[in-house]
Amino acid sequence: MAAQPLDTLTGTRAPDLVNVGALDSTLHLEVRYATPNNFLGRRVYPYAAVFLQRPAAEALLRAHRRLLAQGYGLLLYDGYRPWRVTKLFWDSCAPAMRYYLAPPRYGSIHNRGCSIDCSLYDRRTGKPVAMPTDYDVPSHLAAYDAPGGTAEQRSHRDRLIAALRAEGFAVQPNEWWHFNYRAWRQYPILDIPFLALLRPQP
């Protein structure tokens, strides 16, 4: 296992990570990696926040406002992920589970600050809407076009995908909650710890 990621793209755009939740108070956050409620069963982030490169964050806000007009809002699970966390996930999982993980040798788009894991909440109730699966479920039923779940759950999933696609995100085929911003190749793999990101946001 490489001690550092092999960045085959070597993005040249200077990182500009912003705290997305601080940009709009109507965004809801459920950062499970800042709690034991995740597939590792332990906390891996020191605090709950979602960071993205600024253009991705601005595109996400546009998608959020599009959804607000439809009676929904975005529920954010994860964004920028330090490379050391990607390596921790890989090293902590059995080989059979690694199909659903990014190999640390090459890093992930989360490491570039251009991936967002998200769902929807209902503006009327403030509660998360039902989706075909829960977040981070390693199953073929989590595919963006899987036929499982109820018609209402699939409708929620499709609404989320449509809103993010309209703003330049592509859905990860095997994870309905995972979206990659179109400019991700421009950014390098990062390993900036969360604690180093504790600074005032413009």
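As shown above, the structure is provided for reference.
To start, this report covers the structure provided alongside it.

Rules used in this analysis
- Residues numbered from 1 in each chain as written.
- Predicted model: local features only at pLDDT ≥ 70, side-chain atom pairs only at ≥ 80, totals over all residues.
- Heavy atoms only, no water.
- Buried < 20%, exposed > 50% of the residue type's maximum accessible area, 1.4 Å probe, protein only.
- Helix = DSSP H or I, 4+ residues; strand = E, 2+ residues; numbered from the N terminus.
- Pairing = 2+ DSSP bridges.
- Contact = heavy atoms within 4.5 Å.
- Polar contact = N/O pair within 3.5 Å; in protein donor to acceptor, adjacent residues only side chain to side chain.
- 1 Å grid on protein atoms, 1.4 Å probe; cavity = no way out; pocket = protein on both sides within 12 Å on 5 of 7 lines; lining within 4 Å.
- Points joined across faces, edges and corners; volume = space filled by probe spheres on them.
- Nonpolar A, V, L, I, M, F, W, Y, C, P; charged D, E, K, R; others polar.

**A short note on the pairing of strand E5 (residues 115-122)**
Point 1. For E5, the tally of buried residues reaches seven of eight residues, placing the bulk of the element in the interior.
Point 2. Bridge analysis of strand E4 (residues 72-78) against E5 gives six bridges, and the strand direction is antiparallel. From the neighbouring strand, Leu 75 faces E5, where its bridge partner is Ser 119.
Point 3. Across three bridges, the pairing between E5 and strand E7 (residues 175-181) is antiparallel. Bridged to Ile 116 within E7 is Phe 179.

**Quick look at the environment of Tyr 100**
Point 1. Assignment of secondary structure puts Tyr 100 in the loop between helix H2 (83-92) and E5.
Point 2. The partly exposed category is assigned to Tyr 100, whose relative accessible area is 27%.
Point 3. The sequence separation of Tyr 100 and Pro 138 amounts to 38 residues, and the corresponding C-alpha distance is 6.6 Å.
Point 4. In this structure, Tyr 100 is in contact with Pro 138, Ser 139, His 140, Asn 174 and Glu 175, ignoring residues within four places of it in sequence.

**Some thoughts on the side chain of His 156**
Point 1. Note that His 156 resides in helix H3 (residues 151-165).
Point 2. You can call His 156 buried: its relative accessible area is 8%.
Point 3. Reaching out from His 156, the side chain makes a polar contact with the backbone oxygen of Ala 130 at a distance of 2.8 Å.
Point 4. Setting aside its immediate chain neighbours within four residues, His 156 contacts Tyr 72, Leu 120, Val 129, Ala 130 and Met 131.

**A closer look at the environment of Asp 91**
Point 1. In this structure, Asp 91 sits in helix H2.
Point 2. As a C-alpha pair, Asp 91 and Leu 101 span 10 residues in sequence and 10 Å in three-dimensional space.
Point 3. At 2.7 Å, the side chain of Asp 91 and the side chain of Lys 87 are in polar contact.

**Quick word on the layout of surface pockets**
Point 1. Space inside the largest pocket adds up to approximately 480 Å³.
Point 2. Taken together, 27 residues make up the lining of the largest pocket; nearest its centre are Tyr 100, Leu 101, Ala 102, Glu 175 and His 178.
Point 3. Only H2, E5 and E7 provide two or more residues apiece to the lining of the largest pocket.
Point 4. Among the elements that take part in the lining of the largest pocket, E7 stands out by supplying four residues, more than any other.
Point 5. Across the lining of the largest pocket, the residue classes tally to 14 nonpolar, nine polar and four charged.

Without other data, these values stay purely geometric and don't point to any function.
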